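Listed below, chain by chain, are the residues.
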Amino acid sequence: METSDTDGATKSDGVQLLQHVLVETQLIPKEIQVFLSFRGEDSRKIFIGHLYSKLCDVGINTFIDDEGLRKGDVISRELEKAIEGSRISIVVFSRNYASSSWCLEELVKILECKEKIRQMVLLIFYGVDPFEVRRQTGLFGDALAKHKEQSIGAQRVEKWRAVLTEAANLSGWDLRNLTKGIR
């Protein structure tokens, strides 16, 4: 029996889609590392854990962070190295992604690597509208406004706005539209 998230897609729908794209189309050799960027409270147990397991099951070396590693708001050097060492980053935008300064800093680093080392970036919109990410409306706009109030600094928040727009302008998969199987 498959479990369903709030948008009606099952856990395995998204995993099947990624498995098809990453493995069956041979976009990446199995020995190349994948970095997963996601907001744990939204998707770790429902989607990410399943995705991580499936990627590992098919032999793809996948990095997933441990929430216990976080000791502050600055991205750790260990995570920077993991991002830099990956040929592919999979960014899973979810409802509370932008509320995490950690996730936003990961996204900055991922897009730097896309530009500098031509890292492939794959996007998944998990329960969020790509427009909301691109334009920072709804929960994304609210989260950035809170960051600005928390003395993160207007310059840093503007950088996050820019990378959210840049990332959301890339093509990706909107899992809200996924019902059964691979489309």
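The notes below deal with the structure included here.

Conventions and cut-offs
Residues numbered from 1 in each chain as written. Predicted model: local features only at pLDDT ≥ 70, side-chain atom pairs only at ≥ 80, totals over all residues. Heavy atoms only, no water. Axes fitted to C-alpha atoms, helices over the stretch in contact; angles between N-to-C directions. Helix = DSSP H or I, 4+ residues; strand = E, 2+ residues; numbered from the N terminus. Parallel < 35°, antiparallel > 145°, perpendicular 65-115°, else oblique. Left-handed = near helix turned anticlockwise from the far one by under 90°. Contact = heavy atoms within 4.5 Å. Nonpolar A, V, L, I, M, F, W, Y, C, P; charged D, E, K, R; others polar. Buried < 20%, exposed > 50% of the residue type's maximum accessible area, 1.4 Å probe, protein only. Phe/Tyr/Trp six-rings, centres within 6.5 Å; stacked < 30°, edge-to-face > 60°.

**A few points about the packing of helix H6 (residues 138-149) against helix H7 (residues 154-168)**
Here's step 1: Two numbers describe how H6 lies on H7: the axes approach to 9 Å, and their chain directions differ by 160°. Our classification of the angle between H6 and H7 gives roughly antiparallel. As H6 packs across H7, the resulting crossing turns out to be right-handed. On H7, the residues that touch Phe-140, Leu-144, His-147 and Lys-148 of H6 are Ala-154, Val-157, Glu-158, Trp-160, Arg-161 and Leu-164.
Here's step 2: The class makeup of the residues in the contact of H6 with H7 is six nonpolar, one polar and three charged.

**Concerning unusual backbone geometry**
Here's step 1: Phi at Arg-118 is positive, roughly 60°, even though this residue is not glycine.
Here's step 2: With respect to the helices and strands, the residue Arg-118 is situated in the loop between helix H4 (101-117) and strand S4 (120-125).
Here's step 3: By relative accessible area, which is 70% here, Arg-118 ends up exposed.

**Quick notes on the packing of aromatic side chains**
Here's step 1: The final tally for this structure, using the stated rule, is five aromatic pairs.
Here's step 2: Between the aromatic rings of Phe-47 and Tyr-126, the centroid separation amounts to 5.1 Å while the plane-to-plane angle is 25°, which identifies the pairing as stacked. In this pair, Phe-47 is assigned in helix H2 (residues 40-57) and Tyr-126 in the loop between S4 and helix H5 (130-135), connecting sequence segments 79 residues apart. Each member of the pair, Phe-47 as well as Tyr-126, is classed as buried.

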